[in-house]
Amino acid sequence: MYEQYAHVLIFGMIATVIVVAPIVLFALIRPVRPSSEKLSPYECGERPVGEPWVQFNIRYYVVCIIFIVFEVEVLFMLPWAVVFNAFRDGGQNLQAAAGELKNLQGATGLIVFLEMLIFLVVLAVGLAYVWAKGHLEWIRETTKGPELLD
Amino acid sequence: MFDFLFYLFAVIGVGAALFVAFTPNVVHAALALVPTFGSLAGLYLLLGADFIAVTQVAIYIGAILVLMLFGIMYTHNIARLSGEQVTMQVGAGLVVALITLFSLVAAVISTDWPVRELSEPQPTVRRLGVLFLTDYLLPFEIASVLLLIALVGAVVISHSVQAGKSKDPS
């Protein structure tokens, strides 16, 4: 297993070098003559106006929470998807896959499928709740006027 | 190689964690959590827990951190708050810190640390899948209920925040 992740490590090291090397190199060779013009943040040629710290709409937070919940769901589905075929085949490959685990408790493909279905239905309730509450719609009819901009 | 990688990840992790604790800028602290979480994922991999490592990267770096940054940005007047570090309750904090230090040191001393030869770890995803669907089916299904509660709770709380804001336009 370490061998496979050595590839990941090599990619990570190359990525780090690609990011860090130009920064270090340019810091060494560039002349340092700062002016207020140069230090202002670049906004496509526009002069930046106001504070960069604005308060974001709380709805971003809800979207982020929804994202986390369904990302965790996907991570729970991954091991299930990997072993599903072995269960469907009646478990011949399963003993090898599971190593010393002998106790399969008669789980077959259908049962394993239903197990995941229950998992998904419970989370679908959450999705339905969020949808019904209107959190999936970005522009709401109830908000009006300048509140849209906050 | 194993030892070198362990110390590399340990140094990055602890160094970044110290930066998180001591930097006056909250946003820098949140961003410094990336190397902290990343080196933790590396340590998990060295221990043979590949699924946990990938989960660490996907959930902590990918999602929790975004949530933290949003949390920082929702804080009122964060630009003016950053830089100030006020120490309150010095006496009580000292007592708690000493008790924690004492119990940690006591735990480290009293634990027996067995040294074992390393064997090449096997990928864990298939074994995890089988365990999820047989022996640990109930915790697996309860996890979905937990996720449901988290989702509904977050929506209800943020909804009440929004309702309070529209009632009181300050």
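Here's what I pulled together on the structure shown here.

The rules behind the values
- Residues numbered from 1 in each chain as written.
- Chains lettered and ligands numbered in written order.
- Predicted model: local features only at pLDDT ≥ 70, side-chain atom pairs only at ≥ 80, totals over all residues.
- Heavy atoms only, no water.
- 1 Å grid on protein atoms, 1.4 Å probe; cavity = no way out; pocket = protein on both sides within 12 Å on 5 of 7 lines; lining within 4 Å.
- Points joined across faces, edges and corners; volume = space filled by probe spheres on them.
- Helix = DSSP H or I, 4+ residues; strand = E, 2+ residues; numbered from the N terminus.
- Nonpolar A, V, L, I, M, F, W, Y, C, P; charged D, E, K, R; others polar.
- Phe/Tyr/Trp six-rings, centres within 6.5 Å; stacked < 30°, edge-to-face > 60°.
- Core = buried A, V, L, I, M, F, W, Y, C linked by side-chain atoms within 4.5 Å.
- Buried < 20%, exposed > 50% of the residue type's maximum accessible area, 1.4 Å probe, protein only.
- Contact = heavy atoms within 4.5 Å.
- Buried area = accessible area lost by both parts, 1.4 Å probe.
- Salt bridge = Lys/Arg side-chain N within 4 Å of Asp/Glu carboxyl O.
- Polar contact = N/O pair within 3.5 Å; in protein donor to acceptor, adjacent residues only side chain to side chain.

**Some thoughts on the layout of surface pockets**
Residue and element names in this part refer to chain A. There is about 920 Å³ of room inside the largest pocket. Here the element with the most residues in the lining of the largest pocket is helix α1 (residues 2–29); it accounts for 12 residues. For the lining of the largest pocket, the per-class residue count stands at 25 nonpolar, 5 polar and no charged.

**Some thoughts on the packing of aromatic side chains**
Under the criterion given, the structure shown has 9 aromatic pairs over all chains. Among the aromatic residues, those joined into a ring-pair cluster are Phe 76 and Phe 119 of chain A together with Phe 132 and Phe 140 of chain B.

**As for the nonpolar core**
Residues Phe 76 and Phe 119 of chain A together with Leu 133, Phe 140 and Leu 151 of chain B are the most contacted members of the largest nonpolar core, which totals 36 residues. Contributing elements (two or more residues each) for this core: α3 (59–88) and α5 (109–132) of chain A together with α3 (50–74), α6 (125–133) and α7 (137–167) of chain B. The element contributing the most residues to this core is α3 of chain A, with 14 residues. Each residue touching Leu 133 of chain B, except ones within four places of it in the same chain, is listed here: Trp 80, Val 83, Phe 87, Val 112 and Glu 115 of chain A together with Phe 140 of chain B.

**So, the interface of chain B and chain A**
On the side of chain A, 61 residues touch chain B, which itself brings 63 residues to the contact. Taken over both partners, the interface formed by chain B and chain A buries close to 5,500 Å², and the fraction arising from carbon and sulfur atoms is 74%. For the interface between chain B and chain A, the tally reads 0 salt bridges. The tally of links between chain B and chain A comes to 1 residue pair in polar contact (both at pLDDT 80 or more). Contributions of two or more residues to the side of chain B that touches chain A are made by α1 (2–22), α2 (26–46), α3, α4 (78–81), α6 and α7 of chain B. With 20 residues, the top contributor of residues to the side of chain B that touches chain A is α7 of chain B. For the side of chain B that touches chain A, the residue count by class is 41 nonpolar, 14 polar and 8 charged.

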